[in-house]
Each structure stands twice: as structure tokens, then as C-alpha cells.
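Now for the letters of each chain:
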Amino acid sequence: MLRITDDIILQDWEMTESFVRSSGPGGQNVNKVSTTVELRFEAARSPSLPDPVKARLKRLAGRRWTKEGAIIIQCDETRSQARNRDIARNRLAELIGRALVKPKRRIATKPTYGSVKRRLAAKKARADVKALRGKVSED
């Protein structure tokens, strides 16, 4: 069980963990111990998450979201399987926490009359400066 907020608690059946051998340095231990954690969370089927949160989660997850609607988080930061497992669970909790925040709606605004005038005056002044850089005619 993974507690995200007081209202959202992920059950164990929604998450599956598999352990594979890590790549990279680690000496002889790397060939014996499966320390990399692959955490799979069935987000689309989860009854714990409301639909708007699932939609934001899909956008935030990006490549980690599969066609079946699962999120796959992989962690091989440390040589400890337990520590990698905790890191993967924390990443999932953080991702869901970011999806819980509803983005503020942008309100379109119009520039003020004075700011439009100042911008056009600055553009005109800059154009005049650049025009004076050209070749001087013999006239």
C-alpha cells in the first residue's frame, strides 16, 4: 500500500515490481544480484485516481505511459535492491502528486495602448539606427 494523500491510497494489486540485473559497474556483485527495480502501476485501471488526475498523469508520464495505460518506472541508482525499490515508489508518489495539482487557467490579456506605442516607437528608432549603417551615397 502506498499513501499519496489522505484521500489517495494505492493498493498493492495496482503495482507490480520486477527485479532485473543492473548494467554498469558493480564488480562481481552485478552478475549475481538483481538490483534494478521496474515498478509498474496500472494507472488507467486504478480506482484510487479520479479521471482528471489520470489525464494529467498521462501527460506528465510521457514515454513511461504504456499503451495499456500503465506507468513503468525503472530505478538502478544504487546497488541495494531495497533502496532502489523505495526510490521507485517515491518517484511514483511524486509523479502522482504533481498530477493532483490542477493547472491555473490562463486568462488572455490585451497590451495597454501606451505599451503598444512605446514598442512601435522603439522599433522605429532601431530601424532608423540600422538604416544609417548602410553605404553613404556620393550625392
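Residues numbered from 1 in each chain as written. Predicted model: local features only at pLDDT ≥ 70, side-chain atom pairs only at ≥ 80, totals over all residues. Heavy atoms only, no water.

Colleague: In this structure, what is going on with the overall build of the chain? I would like to understand it.
Modeller: Tallying secondary structure elements over the chain gives three helices and five strands in all. Starting at the N terminus, the α and β elements of the chain follow one another as β-β-β-β-α-β-α-α. Along the first, second and third principal axes, the C-alpha atoms of the chain reach 85 × 45 × 25 Å. With 139 residues in all, the chain has 28% of them scored as buried. Here the contacts in the chain between residues at least 6 apart in sequence split such that 60% fall between residues at least 24 apart. In the form shown here, the chain has an accessible surface area of approximately 10,600 Å², with 52% of it arising from carbon and sulfur atoms. Mean positive and mean negative side-chain charge positions of the chain (32 and 16 charges, respectively) differ by 8 Å. (Helix = DSSP H or I, 4+ residues; strand = E, 2+ residues; numbered from the N terminus. Buried < 20%, exposed > 50% of the residue type's maximum accessible area, 1.4 Å probe, protein only. Contact = heavy atoms within 4.5 Å. Areas by Shrake-Rupley, 256 points an atom, 1.4 Å probe, with all protein chains shown as cover. Lys, Arg positive; Asp, Glu negative; His and termini not counted. Charge placed at Lys NZ, Arg CZ, Asp CG, Glu CD.)

Colleague: Would you take a moment to explain the packing of helix H1 (residues 51–61) against helix H2 (residues 81–100) for this structure?
Modeller: Pairs of packed helices are described in terms of their axes, by the angle between the two and the distance that separates them. Two elements in contact, H1 and H2, have axes whose closest approach is 8 Å; the angle formed by their N-to-C orientations is 125°. Comparing their axes, H2 and H1 come out oblique. At the point where H1 passes H2, the crossing takes the right-handed sense. Contacts between H1 and H2 pair Val53, Arg56, Leu57, Leu60 and Ala61 from the former with Leu95, Ile96, Arg98, Ala99 and Leu100 from the latter. Within the contact of H1 with H2, the residues separate by chemical class into eight nonpolar, no polar and two charged. (Axes fitted to C-alpha atoms, helices over the stretch in contact; angles between N-to-C directions. Parallel < 35°, antiparallel > 145°, perpendicular 65-115°, else oblique. Left-handed = near helix turned anticlockwise from the far one by under 90°. Nonpolar A, V, L, I, M, F, W, Y, C, P; charged D, E, K, R; others polar.)

Colleague: Before we go on, may I ask you to explain the pairing of strand S4 (residues 36–41) in this structure?
Modeller: A regular strand places its side chains on the two faces of the sheet in alternate fashion. Bridge count for strand S3 (residues 15–20) against S4 is six bridges, and the pairing is antiparallel. Each residue of the ladder has a partner; that of Met15, found in S4, is Phe41. Alignment of S4 against strand S5 (residues 71–75), held across five bridges, turns out to be antiparallel. Looking at the pairing, Leu39 lines up with Ile73 of S5. (Pairing = 2+ DSSP bridges.)

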